[in-house]
Amino acid sequence: MLLQQLVNGLSLGAVYAVFAIGFTLVFGVMNVLNLSQGAVFMWGAYVGLEVVRKLALPLPLAILAAAGAAGLLGVLSEVLVFRPLQRRGAHRWMGMVGSLALARILIGLAQEIFGTQVVRYPDNALAGAAVELFGARLQLLQIVAIGAALAMVIALAALLRFTNLGRAIRTVAFSETVARLVGVPVDRVRLATFFVSGALAGGAGVLWSLLFQSVSPFMGDGILLKGLTVLILGGLGNVLGALVGGLLLGLVEVASVVAVGSGYRDAVGFGLVLLILLTRPTGLFATRETKRA
Amino acid sequence: MIDFFHAYHNVIDLCLLNSVLAFGCFLLLGVNLFSLATGGLMAVGAYLSIWLTMQQGWSFAPALAAAVAAASLAAFGLGSLVLRLRGDYFTMATLAFTEVIRIIALNWDSATGGALGVFGIPKLTETWQLVLLLALVIYLVWAVRRSAIGERMRAVAADELAVSTAGHDVARFKLALFTASGAIAGLGGGLAAHLNMFVAPGDFGFLRSVDTVIAPVLGGAWNIAGPVIGATILTVLPEALRFSAQMREILIGVAMLGAVLFLPAGLVSLPTVWRRRVAS
């Protein structure tokens, strides 16, 4: 029973973490809050669904396709919203409002193209399969989701640590001015960061849709709020913090359902946020000032 | 004129109400606070005034006064906790407050009707009241901005550290402003409930807070006409585009994005930008 809840919490938290890591990466590198991330997540879910349905491709390829398409949407938000605003030195509120506007457009387009009905991924072998472990029946899908989330996080960590792009991203995160001085192509690094961020959101979208068997144009709103929660839990702009924060939120939510019922599940995270901010005003982990990306 | 009013009085009422609400955020934007607490504070005002008028038999004015008092108190409490947070952390904490209130409203069935909401609220909000209130709020904000308080606000916005180094209590000053914005939100909540005759927890969530704070940003966060223009556009646009549910979202998004990209000082700067374009 305990193991069962642990896996429930971890699979939920893994999806939160993947989503929030993309979110926090953009925040840490560019100091902007991209509120269209929820809509990008939703589009990832739909692209994955179309790929599975129309092209009958296997799931891993669907995740890749969804991540790619969502990554391009992330790039779109940089080109269309954040870059022109940054060029002009606009107030950061303008970025938030602009990204919300982009989210509205993306949600409207999804309604136009896919309809407003809640749909689901077609049944496959993975969805029904379960494994017995210490007397608990664990859905194979949940374990796959946890594994896939871990794989995405490890890939990102490797990218940031060992590649030239990763070094460039970390330099830009440290200071855009310094990055320009040492010859880092800042504009391209920003595009790449938005691509990675969108791709993680898209991957999270497919995982979420598989776990909860529902895809709708409005699915992004909920996860956006969860992403913001994790962002605070982990400290704004802290990738490792987002991973820990995401898993923590998933576990806490599942525990709260067991303890007090499902009604207050969504309040627990925000209550936790308020509590943490009051005791540690810059989040649970290292602050943005001391450590970014 | 009369015909026009009769045909569109719902939309006009909403424009007035949303303009009043937008001034709450406008005050805070003036000192660089981007608050998403409006939804939660509105909910406090709305549910209290409904309960007082429907269950306790209070008349409208004292019920509204109680709503204002309760929301101010809530804002004072919240503000004393979260105002020391900086920048985006403050915004997130206010969002957390709004969501916690919304979820409490969703689960506290006996007081709020749960997810189904409260039906049959008596319609007590009249257009003339809204006009009067908006005029009052505009006058107060205008007077405040011209006074020493307004000067202090501009100083805090420009350089908070310098103001506090000069020996002024910035924290208390911000708390007073946050409480005032809470009063406006509570008032707006009570008025909204008795205008729409129906409330549900979804009316007071993230989106409500976002729409309220976007209004002054879109209209012009540094111009007193900004909140009214922004709130009016954001209210009228969805109504005008009602012919197409899906195109509506897209077109509102495009309009918002266009405003953000091409009118950085808000819609109030449109005439200036236009003149410059014609001149060149």
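Check the entry above for the structure.
Residues numbered from 1 in each chain as written. Chains lettered and ligands numbered in written order. Predicted model: local features only at pLDDT ≥ 70, side-chain atom pairs only at ≥ 80, totals over all residues. Heavy atoms only, no water.

### A closer look at the overall build of chain A
When helices and strands are counted, chain A shows 12 helices and two strands. For chain A, the succession of helices and strands along the chain, N to C, is α-α-α-α-α-β-β-α-α-α-α-α-α-α. The C-alpha atoms of chain A give a radius of gyration of 19 Å, which matches the 19 Å a tight globule of 293 residues would have. Dimensions along the principal axes, computed over C-alpha positions, put chain A at roughly 60 × 45 × 35 Å. Every one of the 293 residues in chain A was classed for burial, and the buried ones make up 55%. Long-range pairs, those at least 24 residues apart, make up 77% of the contacts in chain A between residues at least 6 apart in sequence. Surface summary for chain A: the accessible area is close to 11700 Å², and the carbon and sulfur share equals 68%. (Helix = DSSP H or I, 4+ residues; strand = E, 2+ residues; numbered from the N terminus. Rg over C-alpha atoms; globule rule 2.2 N^0.38 Å. Buried < 20%, exposed > 50% of the residue type's maximum accessible area, 1.4 Å probe, protein only. Contact = heavy atoms within 4.5 Å. Areas by Shrake-Rupley, 256 points an atom, 1.4 Å probe, with all protein chains shown as cover.)

### Here's the deal with the side chain of Gln37 of chain A
When you line up the elements, Gln37 of chain A lands in helix α2 (residues 37-54). The residues touching Gln37 of chain A, leaving out its near neighbours within four places in the chain, are Phe19, Gly22, Phe23, Ser197, Ala201 and Leu224 of chain A.

### So, the interface of chain A and chain B
Taken together, the contacts link 43 residues of chain A with 41 residues of chain B. Of the roughly 4100 Å² buried between chain A and chain B on both sides combined, carbon and sulfur atoms contribute 75%. Here chain A is connected to chain B by one salt bridge. Where Arg104 of chain A meets Glu249 of chain B, a salt bridge forms, and the shortest distance between an N and an O atom there is 3.4 Å. Remark: the boundary between chain A and chain B carries two residue pairs in polar contact (both at pLDDT 80 or more). At the level of elements, α3 (59-87), α4 (92-114), α10 (219-234) and α12 (265-279) of chain A are the ones that each hand at least two residues to the side of chain A that touches chain B. For the side of chain A that touches chain B, the element with the highest residue contribution is α4 of chain A, accounting for 14 residues. (Buried area = accessible area lost by both parts, 1.4 Å probe. Salt bridge = Lys/Arg side-chain N within 4 Å of Asp/Glu carboxyl O. Polar contact = N/O pair within 3.5 Å; in protein donor to acceptor, adjacent residues only side chain to side chain.)

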